[in-house]
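Residue-level structural notes
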Amino acid sequence: MKSLIKGFMVFFVAVAAQVWAELPGPQGPVVLEVTGDINEFNHGESAQFDLAQLQQLPKYSIRTQNPWEEGAHTFVGFKPADLMTLLKATGSTLRISAFNHYITEIPLTDFTDFDAIIAYEMDGLPMLIRTKGPLMVIYNFDSDTILRSETYYGRSIWQIESIKIMRDGGS
Ligand SMILES: Nc1nc2c(c(=O)[nH]1)N[C@H]1C(S)=C(S)[C@@H](COP(=O)(O)O)O[C@H]1N2
Ligand SMILES: [Mo]
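Residues numbered from 1 in each chain as written. Chains lettered and ligands numbered in written order. Predicted model: local features only at pLDDT ≥ 70, side-chain atom pairs only at ≥ 80, totals over all residues. Heavy atoms only, no water.

1. Thoughts on the site of ligand 1
Let me state the cut-off plainly: The nearness test applies per residue and asks whether one of its heavy atoms lies within 4 Å of the molecule or strand. Counted as a polar contact is a pair of N or O atoms within 3.5 Å, where, for protein atoms, one must be capable of donating a hydrogen and the other of accepting one, and residues adjacent in sequence contribute only when both atoms are in side chains. All accessible areas in this document rest on Shrake-Rupley with a 1.4 Å probe, and a residue is counted as covered only by the protein chains that are shown. A run of H or I in DSSP counts as a helix once it spans at least four residues, and a run of E counts as a strand once it spans at least two, with each numbered from the N terminus. Each residue gets one of three labels, nonpolar for Ala, Val, Leu, Ile, Met, Phe, Trp, Tyr, Cys and Pro, charged for Asp, Glu, Lys and Arg, and polar for the others, Gly among them.
The immediate surroundings of ligand 1 are formed by Trp 68, Ala 98, Asn 100, Tyr 102, Glu 150, Tyr 153, Gly 154, Ser 156, Ile 157 and Trp 158. Note that a nitrogen atom of ligand 1 is positioned 2.8 Å from one of the backbone N or O atoms of Trp 158. Within the complex, the protein chains bury 65% of what would otherwise be the 530 Å² of accessible surface of ligand 1. No other element matches helix α5 (residues 150-155), which puts three residues into the shell around ligand 1. For the shell around ligand 1, the per-class residue count stands at six nonpolar, three polar and one charged.

Here it is, written out as structure tokens:
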């Protein structure tokens, strides 16, 4: 009998540990909502993040000029692959939406074939909405002439609000 109770306790602790291991929710203001082909959630069918959570992902830095600012600037941010690992996501394309309802689709290979990041910091300071933040896709424009073209300027979406992770062929 005692061992049966013990067995039940082990079972319940194991179940509770699984529930507690779920993706933590944001503590501060939400800066990003991720939907689509994800398998970890903290808000219905989506995953919401505050800035501190995104800053815990591996950091990448790019120093480059860009068409919107004078001179070279240092941008720090994360790679979508690390976010996708966290969300057990397996898509191939990001559909990214901005506050102004601009939408662009970016193949995930851009973040591996090219030096591209989702930046939250410029020259050591958080990117504010007025400086194209809180999140912006930025390519290392100085690293490759191919990046200095309409295709990649068009994918350089700022004031990002949400990301939908999609498999090939949409949805
Ligand atoms: N949030 C947001 N990002 C955006 C856009 C937009 O309208 N809103 N336009 C895109 C397009 S199509 C291009 S070519 C460049 C244009 O930058 P510009 O308007 O400063 O020339 O930004 C891209 N990023
Ligand atoms: Mo554009």
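After that view, the rundown keeps rolling.
2. Concerning the sheet that holds strand β2 (residues 47-50)
Sheets are built from strands paired through backbone hydrogen bonds, the pairs being either parallel or antiparallel. Spelled out, the test is: Strand pairing is assigned whenever DSSP detects at least two bridges linking the two strands. Fitting a line to C-alpha atoms yields each axis, with helices limited to the stretch in contact; the angle taken between N-to-C directions then spans 0 to 180 degrees.
The five strands are arranged β2-β1-β10-β5-β6 in an open sheet whose pairing can be described as mixed. Sheet topology places β2 and β6 (103-107) at the edges, where each strand pairs with a single neighbour. Across the sheet, the mean angle separating the axes of adjacent strands is 20 degrees when strand polarity is ignored. As paired elements, strand β1 (residues 30-36) and β2 share four bridges and run antiparallel to each other.

3. Observations concerning unusual backbone geometry
The step from Gly 133 to Pro 134 runs through a cis peptide bond, and the omega angle for that step is 5 degrees. Within the fold, Pro 134 resides in the loop between β8 (125-126) and β9 (136-139). Phi angles above zero are rare outside glycine, and Asp 123 is one such case at about 50 degrees. Within the element layout of this structure, Asp 123 appears in the loop between β7 (116-122) and β8. At Gln 159, a position not held by glycine, the phi torsion is positive, near 50 degrees. As for its placement among the helices and strands, Gln 159 is situated in the loop between α5 and β10 (160-166).

Honestly, that's just the spatial picture; any functional story needs more than this.
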